[in-house]
Amino acid sequence: MWKYYGSGKTKEASWRELQLKGLHNFLMEKEEEILKALKQDLGKHHVEAYRDEVGTLMKSLNLARKSLKKWMASKEAKLPKIALLSSAEIVPEPLGLVLIISSWNFPIGLSLEPLIGAVAAGNSVVLKPSEISPACSSLLATVLPNYLDNNGIKVIQGGPEVGEQLLQQRWDKIFFTGSARVGRIVMSAAVEHLTPVTLELGGKCPALVDSLSASWDREVAVKRILVSKYGACAGQACIAIDYILVEKSFSSTLVELMKVWIKKMFGENPKASKTIARIVNKRHLSRLKCLLTEPMVKESVVFGGYMDEDDLFMEPTILLDPPLESPIMTEEIFGPLLPIITLEKIEDGIEFINSRPKPLAIYAFTKDQTLQRRMVSETSSGSVVFNDAIVQYLADTLPFGGVGECGFGKCHGKFSFDTFSHHKAVARRSFYTDFWFRFPPWTLNKLQLLEVAYNLDYFGILLVLLGLKRSKRSLFQACN
């Protein structure tokens, strides 16, 4: 693959366009197989699967194909007027051979989204999908290559041992989506060759819910909260709401409204309705069960709590004020358990959020403009969304990525292209003009000219050249 990249083939616009077209055809022609694989691996309803994976990828591909020539084009870099007969530009070039390691919760979307950016940028790519979603991994490994140039793009299946072998190789970029634990392994391996890394991790994303007075606002907020928690791979999403912060006086109103809308969205029997995804495997279900069955935590359950281990099903569950030191409030939940933490004042939520690791996203349901401004200026997170959740992932004009322990680097739209590109500085000079005062031997006059030149003081340059401007420095300061 190094040799193929070195041939320059992947840098050609025609090659990039052909690969993007191939990805588009894969999604169009194999949509049914993709939806079946997502159902098999995660129990996703086909509408949810299209909304969160196939549809978002089609959107990204349409943008990349439409914008490719513009993204590839060099950009003029403005130079000051003093730079006579000079020009500069910024030229995007591919990084080279890149490795993409994707996650199991959105196994198609999180594999192909970065692949779109890497291919658009002109790289050769090795993609390793997660073995935890075997049907999707197999589909990507056996069917996707039929649509792409296999000399420049390869899909490799395997477990952790294959991942470790891949990480031992030299890459020009590693793009990893997954847990912080594995992210640390990726970072450690990247040190060997000083490989640049993008880490898309996770964390505990809070949702601050103000005491909304209008019934319409309350209802809209609750619907958006529930679909962003339980309706996104059953909460197995890095940007899903992890817990809620609400004033104690409003908590009972919020809980009762949530109970009503859980039944409306997911049915009286969510397991039978098939509208909520399944937990990915028994190990993850066991982890969730341990979080829920701690004595003090179990007592805080106010709705739900049922699970079927054979069917990998866990009911949408609400907890009210579980112990803050319990694992459910210190670890990323990644499942359909939703703790609600009560506060005396909603403004106290800012201090609560800041006392914990920086989250991938903060959601705040409030009309209070002052509170909104404080949330933006006084907290740090990958993104902040007001009066909705998860929708920032759909906006190609917004970078998607974390800060601190929830990851670094960004993707989506042009940001994906930039992530897999080196923006090379190119400067051109003429032989006919020069700044003679930049060369030794040094004089007070040359120091004066450097001073006014760096300040872009063109009138000052003229005065110095005419001997009409004296320096406040002494000749000794200039030359010793």
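As a reminder, the structure under discussion sits directly above these lines.
Overview of the structure. By convention here, each chain's residues receive numbers from 1 onward along its written sequence. Given that this is a predicted model, residues contribute local features only at a pLDDT of at least 70 and side-chain atom pairs are listed and counted only at 80 or more, while totals for whole chains, interfaces and linings are drawn from all residues. Working from all heavy atoms in the structure, the side-chain values ignore hydrogens and water.

Glancing now at the overall build of the protein. Strands are runs of DSSP state E lasting at least two residues, helices are runs of H or I lasting at least four, and both sets are numbered from the N terminus onward. Within the protein, the regular secondary structure consists of 20 helices and 18 strands. Per-residue accessibility, obtained with a 1.4 Å probe over protein chains only, is compared with the maximum for each type, and a residue is labelled buried under 20%, exposed over 50%, and partly exposed between these values. Taking all 480 residues of the protein together, 52% fall into the buried category. Contact definition: two residues touch when any of their heavy atoms are within 4.5 Å. Residue pairs at least 24 apart in sequence account for 69% of intrachain contacts in the protein once pairs closer than 6 positions are excluded. When the accessible surface of the protein is totalled, it reaches about 22,700 Å², and 56% of it is carbon and sulfur. Residues scored as positive are Lys and Arg, those scored as negative are Asp and Glu, and His as well as the terminal groups of each chain are ignored. By convention, the charge on Lys lies at NZ, on Arg at CZ, on Asp at CG and on Glu at CD. Side-chain charges in the protein split into 58 positive and 52 negative, and the spacing between the mean points of these groups amounts to 8 Å. For every accessible area listed, the method is Shrake-Rupley and the probe measures 1.4 Å; residues are considered covered only by the protein chains on display.

This part covers the sheet that holds strand β1 (residues 75–76). Here, any two strands with at least 2 DSSP bridges between them count as paired. The strand order across the open sheet built from 3 strands is β1-β2-β18, with neighbouring strands paired in antiparallel fashion. The sheet is open, and its two edges are formed by β1 and β18 (421–429), each paired on a single side. Relative to strand β2 (residues 86–94), β1 runs antiparallel, the two being bridged by 2 bridges. In the sheet register, E76 faces β2, and the bridge partner there is E89.

Here the focus is the nonpolar core. As used in this record, nonpolar core signifies buried Ala, Val, Leu, Ile, Met, Phe, Trp, Tyr and Cys residues forming a set joined through side-chain atoms within 4.5 Å. If you look at the biggest cluster of nonpolar residues, it comprises 94 residues, and the most contacted ones within it are F26, L112, L115, I244 and Y363. Residue contributions to this core peak at 8 residues, all from helix α4 (residues 46–72). Y243, I328, I350 and I353 belong to the second-largest nonpolar core, a separate cluster that totals 27 residues.

So, on to unusual backbone geometry. The residue after P440, namely P441, is reached through a cis peptide bond having omega 0 degrees. Along the chain, P441 falls in the loop between β18 and α18 (444–454). Positive phi is not limited to glycine here, since C233 has a value of about 55 degrees. Tracing the backbone through its elements, the reader meets C233 in the loop between α9 (215–229) and β9 (241–247). Judged by its relative accessible area of 0%, C233 is buried. Despite not being glycine, L312 shows a phi value in the positive range, around 55 degrees. One can find L312 in the loop between β11 (307–308) and β12 (313–314).

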